Amino acid sequence: MRTYQSGDWLTFNEAATLLAQRDKRSGEDLRQGIDRWRKRIEYAVNAKKLMKVEKRFKIDVMAAWARTLKVSGVDWLVKLADLPRPILRDSVEEIASVNDEEWGIRLPGSREECHEEIRRLLRENKALKQENEQLREPAAKYVKLCMNHQEAARKRKRQN
């Protein structure tokens, strides 16, 4: 079996194969096990329980996720003992950077930039609160108008 180091990356197929080889079921060939694990991995990614970056999985993060699973009939944690464990700081930074990229956020690089970003966000928040107050009265009028139209439509329907 291949030895993995912290920071190694696996493709989707490599991750499914790695776990299927460690979770062999009686009467199941390797292909069926790989398919079963592909479904579990895909579900975890969609449920945001497992993070992939550019279609790859970091071995430490994938192994940490696999350790949380209940796998019947085997001493699962022993079968995963040789896989590296994530360093919390690296995992948090990686997840934060992936989420930041998805949302188009660039984190400030210094304390001064952080303070400036906070001031900018406070100004933006104040402007949005003012806009919200300005829209409150027209929105209330619109809701009242809609309710009047609904009531008129009900009356017409009853008359017919």
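As the structure is a computational prediction, the values presented were derived from the model and not from experiment. (Residues numbered from 1 in each chain as written. Predicted model: local features only at pLDDT ≥ 70, side-chain atom pairs only at ≥ 80, totals over all residues. Heavy atoms only, no water.)

Chemist: Would you mind going over the overall build of the protein chain with me for this structure?
Modeler: Along the protein chain, the regular secondary structure elements total six helices and two strands. Moving toward the C terminus, one meets the helices and strands of the protein chain in the order β-α-α-β-α-α-α-α. Of the roughly 12,300 Å² of accessible surface on the protein chain, 54% is carried by carbon and sulfur atoms. (Helix = DSSP H or I, 4+ residues; strand = E, 2+ residues; numbered from the N terminus. Areas by Shrake-Rupley, 256 points an atom, 1.4 Å probe, with all protein chains shown as cover.)

Chemist: Hey, could you run me through the pattern of salt bridges in this one?
Modeler: Close approach of charged atoms lets side chains of opposite charge pair. Scanning the model with the defined rule gives 12 salt bridges in all. Notably, a salt bridge pairs Asp23 with Arg25, separated by 3.2 Å at the nearest N-O pair. One salt bridge connects Arg123 with Glu116, and the closest N-O pair in it is separated by 3.5 Å. Given the relative accessible area of 49%, Arg123 is considered partly exposed. For Glu116, a relative accessible area of 38% corresponds to the partly exposed category. (Salt bridge = Lys/Arg side-chain N within 4 Å of Asp/Glu carboxyl O. Buried < 20%, exposed > 50% of the residue type's maximum accessible area, 1.4 Å probe, protein only.)

Chemist: In this structure, what is going on with a nonpolar patch on the surface? I would like to understand it.
Modeler: There is a patch of nonpolar side chains on the surface, built from Tyr142, Val143, Leu145 and Met147 and spanning about 430 Å² of accessible area. Within the secondary structure, Met147 is located in helix α6 (residues 111-159). (Patch = residues over 30% accessible without salt bridge, like charges linked within 9 Å, V, L, I, M, F, W, Y side chains within 5 Å.)

Chemist: When you look at the nonpolar core in this model, what are you seeing that I'm missing?
Modeler: As a rule of thumb, soluble globular proteins bury nonpolar side chains together. Grouped together as the largest cluster of nonpolar side chains are 26 residues, with contacts concentrated most on Leu19, Trp37, Ile41, Leu50, Met62 and Trp65. Mapped by element, the contributors of at least two residues to this core are α1 (12-22), α2 (30-46) and α3 (59-67). If near-sequence neighbours (up to four positions away) are discounted, Leu19 is found in contact with Trp37, Ile41, Met62, Trp65, Ala66, Trp76 and Leu80. (Core = buried A, V, L, I, M, F, W, Y, C linked by side-chain atoms within 4.5 Å. Contact = heavy atoms within 4.5 Å.)

Chemist: How should I be thinking about the side chain of Asp60 in this particular structure?
Modeler: With respect to the helices, strands and loops of the structure, Asp60 is situated in helix α3. Buried and without a salt bridge, Asp60 has Lys58 as its closest oppositely charged side chain, separated by 5.0 Å. Within the structure, the side chain of Asp60 is placed 2.4 Å from the side chain of Ser6, a separation counted as a polar contact. (Lys, Arg positive; Asp, Glu negative; His and termini not counted. Polar contact = N/O pair within 3.5 Å; in protein donor to acceptor, adjacent residues only side chain to side chain.)

Chemist: Sorry, what's going on with the packing of α1 against α2 here?
Modeler: In a pair of packed helices, the angle between the axes and the distance between the axes together describe the arrangement. For the pair α1 and α2, the least separation of the axes is 8 Å and the interaxial angle reads 120 degrees. The angle between the axes of α1 and α2 places the two elements in the oblique class. In this structure, α1 meets α2 at a crossing whose hand is right-handed. Two secondary-structure elements touch here, α1 through Phe12, Asn13, Ala15, Ala16, Thr17, Leu19, Ala20 and Gln21 and α2 through Leu30, Arg31, Gly33, Ile34, Trp37, Arg38, Ile41 and Glu42. (Axes fitted to C-alpha atoms, helices over the stretch in contact; angles between N-to-C directions. Parallel < 35°, antiparallel > 145°, perpendicular 65-115°, else oblique. Left-handed = near helix turned anticlockwise from the far one by under 90°.)

Chemist: Could you clarify how one ought to interpret α3 in this entry?
Modeler: Helical geometry note: an α-helix holds 3.6 residues per turn, so side chains three or four residues apart project in the same direction. Most of α3 sits inside the fold, with eight of its nine residues counted as buried. Where α3 is concerned, the buried positions are Ile59, Asp60, Val61, Met62, Ala63, Trp65, Ala66 and Arg67.

Chemist: In this structure, what is going on with the packing of aromatic side chains? I would like to understand it.
Modeler: A ring pair, where both rings are aromatic, is described by two values, the distance of the centres and the angle of the planes. For the structure on display, the rule yields two aromatic pairs. Where Phe12 meets Phe57, the ring centres are 6.1 Å apart and the plane angle is 40 degrees; that geometry is what we call tilted. In this pair, Phe12 sits in helix α1 while Phe57 sits in strand β2 (residues 56-58), placing the two residues 45 residues apart along the sequence. For Phe12, a relative accessible area of 17% gives the class buried. Residue Phe57 is classed as buried on the basis of its relative accessible area of 1%. With 6.4 Å between their ring centres and 85 degrees between their planes, Trp37 and Trp65 make a pair best called edge-to-face. Placement of Trp37 in helix α2 and of Trp65 in helix α3 is noted, with a sequence separation of 28 residues between them. Of the residues examined, Trp37 reaches a relative accessible area of 0% and is grouped as buried. Accessibility expressed as a relative area gives 8% for Trp65, which makes it buried. A cation sits over an aromatic face here: Arg40 above Trp37, 4.8 Å from the ring centre. (Phe/Tyr/Trp six-rings, centres within 6.5 Å; stacked < 30°, edge-to-face > 60°. Lys NZ or Arg CZ within 6 Å of the ring centre and 35° of its normal.)

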